[in-house]
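The chain contents come next:
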Amino acid sequence: MLASRVVTLDVLTASVNLSLTFSSDRTPVTLASEYGSTSQWRMCRKHRQRLPAKNVYYYRCPDHRRNYVMSFAFCFDREDDVYQFAYCYPYTYTRLQHYLDSLERRNLDYLQREQLGLSVQQRRLDLLTITSTAQQNPEKQKKLVVLPARVHPGESPASFICQGVIDFLVSQHPVAVILRDHVIFKIVPMLNPDGVYLGNYRCSLMGFDLNRHWQEPSPWIHPTLHAVKQLIVQLSQDAVGLEFYIDVHAHSTMINGFMYGNVFEEEERVQRQAVFPRLLCQNAPDFSFSNTSFNRDVVKAGTGRRFLGGLLDDMSYCYTLEVSFYSYMAAGSTAPVPYTEDTYMKLGRNVARTFLDYYRHNNFIDDNKPQTTNHINRSCF
């Protein structure tokens, strides 16, 4: 391909939702790297950028039976480079395995990696357990948090958030040390490894949306979901009480980070469920409590949040954590700020930090460390 040639690429799609998606801050990302150079890929990763909105068009095309087409113009300015285009910053199954391998090589006594199961195509379903081996206070049972991500394989921001959570919890930050002493974290970084590997957007290898099959997952058709459900059922029956289930996703139309929760009849339980999102709103400038909602939609009945909300006891909290594929509005800002890999990971770190505030709020953790909340955001109240 000749350098400096402008090419228009047309992507045919049947998705009407995309008509709401491509605005000034919501365009595909691109990455250029030298041909055959993996080191250049790593160097360039931080320089992925979104295409200018003026170069992106979305319309119904009469030449394609009035289906939607996304067209964008791009100038290939270096003849020998390899160019890649993506809906959002990619986070592959291979990248996860390299990351988990590097964690394992550190031989941390408070981190355990195990293979919870295998996918249909025999890819690993990894489970991380993060907690200190010593019991600081024998009179207090440790709390239990379960956090899965990437049940929808195209929602790559979920993996960056999940890595941010993990990086913080295994660090020597004083907050992380306190949390490991009081909490057991069970993290499933990639619940749908086949879907991620194959480049699917929402479904598994077999064509199922796994987040609609929590009620009766098949060990043959949905083996990874079946394994995670069995784990949670077992944990809920053990002496250690499962207090939090937070399923990490990405959202194609909303901005900021936000949460979905369940609806309950008891007002006191409703108020308790709102505490964690409010505290997260205080810690994370890109998290919106006003976008957070609590519902019992029939179409969401087969999701992890809805199913486990009915299975676990009334002291357990089940949430879906969503984050925009594109941007967020910080308090006082007048224009949306595009998300990057680093800001997604920062949201993950803020999620982890918020557990300390939550357990202090409930008098489960009593220490002399300063509060993690460092600003007052009135929109959280």
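Along every chain, residues carry numbers that run from 1 in the direction the sequence is written. Given that the model is predicted, a residue must reach a pLDDT of at least 70 before its local features are reported, and side-chain atom pairs must reach 80 or more before they are shown or counted; all residues, however, enter totals for whole chains, interfaces and linings. The side-chain numbers reported here are obtained from all heavy atoms of the structure, hydrogens and water having been left aside.

**A closer look at the overall build of the protein**
Item 1. Secondary structure elements are taken from DSSP: a helix is a run of H or I of four residues or more, a strand is a run of E of two residues or more, and numbering for both begins at the N terminus. The secondary structure content of the protein amounts to 9 helices and 16 strands.
Item 2. Counting every position in the protein, which comprises 381 residues, the buried fraction comes to 54%.
Item 3. Whether two residues touch is decided by their heavy atoms; if any such pair falls within 4.5 Å, the residues are in contact. Considering only residue pairs separated by 6 or more positions, the protein has 72% of its internal contacts joining residues 24 or more positions apart.
Item 4. Roughly 18,000 Å² of accessible area belongs to the protein as shown, and the carbon and sulfur atoms make up 51% of that amount. Per-residue accessibility, obtained with a 1.4 Å probe over protein chains only, is compared with the maximum for each type, and a residue is labelled buried under 20%, exposed over 50%, and partly exposed between these values. Exposure was quantified through the Shrake-Rupley algorithm and a 1.4 Å probe, taking into account, for residues, occlusion by the shown protein chains and nothing else.

**Quick look at the sheet that holds strand 4 (residues 56-61)**
Item 1. If you trace the 3 strands from one edge of the open sheet to the other, you get 1-5-4, paired in antiparallel fashion. Every interior strand has two partners, whereas the edge strands, strand 1 (5-13) and strand 4, have only one. Here the average twist between neighbouring strands, direction ignored, is 25°.
Item 2. Only strands joined by at least two bridges in the DSSP assignment are considered to pair. The pairing of strand 4 with strand 5 (residues 67-76) spans 6 bridges and is classified as antiparallel. When the sheet's bridge partners are listed, tyrosine 58 is paired in strand 5 with methionine 70. Comment: axis = line fitted to C-alpha atoms, over the contacting stretch for helices; angle = value between 0 and 180 degrees taken between N-to-C directions.

**Examining the packing of aromatic side chains**
Item 1. Any pair of Phe, Tyr and Trp rings, taking the six-membered ring for Trp, is counted once the centres come within 6.5 Å. Such a pair is stacked with planes under 30 degrees apart, edge-to-face with planes over 60 apart, and tilted for the rest. By the definition in use, this model includes 33 aromatic pairs.
Item 2. Here the aromatic rings of phenylalanine 74 and tyrosine 83 are separated by 5.5 Å at their centres, their planes lie at 70°, and the arrangement is edge-to-face. No difference in accessibility class separates phenylalanine 74 from tyrosine 83, as the two residues are buried.
Item 3. Consider the rings of phenylalanine 244 and phenylalanine 355, whose centres lie 5.3 Å apart with planes at 85°: the pair is edge-to-face. Placement of the pair is phenylalanine 244 in strand 11 (residues 242-248) and phenylalanine 355 in helix 9 (residues 341-361), with a sequence separation of 111 residues.
Item 4. The exposure class of phenylalanine 355 is buried, given its relative accessible area of 1%.
Item 5. Three or more aromatic residues joined by ring pairs form one cluster here, namely Phe185, Phe244, Phe276, Tyr317, Tyr319, Phe355, Tyr358, Tyr359 and Phe364.

**Remarks on the environment of leucine 100**
Item 1. Within the element layout of this structure, leucine 100 appears in helix 2 (residues 93-105).
Item 2. Residues in contact with leucine 100, not counting those within four places in the same chain, are Arg113, Asp126, Leu128 and Pro189.

**Some words on a nonpolar patch on the surface**
Item 1. Each patch is built from residues that are more than 30% exposed by relative accessible area and take part in no salt bridge. Like charges join if they lie within 9 Å; nonpolar side chains (Val, Leu, Ile, Met, Phe, Trp, Tyr) join within 5 Å. A side-chain nitrogen of Lys or Arg and a carboxyl oxygen of Asp or Glu constitute a salt bridge if their distance falls within 4 Å. Among the surface-exposed residues, Val120, Met206, Trp220 and Ile221 lie close enough to one another that they form a single nonpolar patch of about 430 Å² accessible area.
Item 2. Note that tryptophan 220 resides in the loop between helix 5 (193-198) and helix 6 (223-237).
Item 3. What makes tryptophan 220 exposed here is its relative accessible area of 73%.

**Some points on the confidence of the model for the protein**
Item 1. Confidence scores labelled pLDDT are given residue by residue by the predictor and lie between 0 and 100. Averaged over all residues, the pLDDT of the protein equals 87, while 86% of them reach at least 70.
Item 2. Note that residues 36-46 has pLDDT below 50 and, in this model, 12 contacts with residues that lie over four places away or in other chains.

**Examining the pairing of strand 5**
Item 1. Counting buried residues in strand 5 gives 8 out of 10 residues, a clear majority hidden from the surface.
Item 2. Hairpin connection from strand 4 to strand 5: 5 residues lie between these consecutive antiparallel strands, with arginine 65 at a positive phi of about 55°.

**A short note on the nonpolar core**
Item 1. If you look at the biggest cluster of nonpolar residues, it comprises 68 residues, and the most contacted ones within it are Phe244, Phe276 and Phe355.
Item 2. In terms of residue count, helix 9 provides more of this core than any other element does, 9 residues in total.
Item 3. Every residue in contact with phenylalanine 276, bar those within four places of it in the chain, is listed here: Phe244, Ile246, Met259, Tyr319, Val351, Thr354, Phe355 and Tyr358.
Item 4. As used here, the term nonpolar core means buried Ala, Val, Leu, Ile, Met, Phe, Trp, Tyr and Cys residues forming a set that is joined through side-chain atoms within 4.5 Å. Listed in part, the 23 residues of the second largest apolar core include Leu127, Val188, Leu191 and Leu242.

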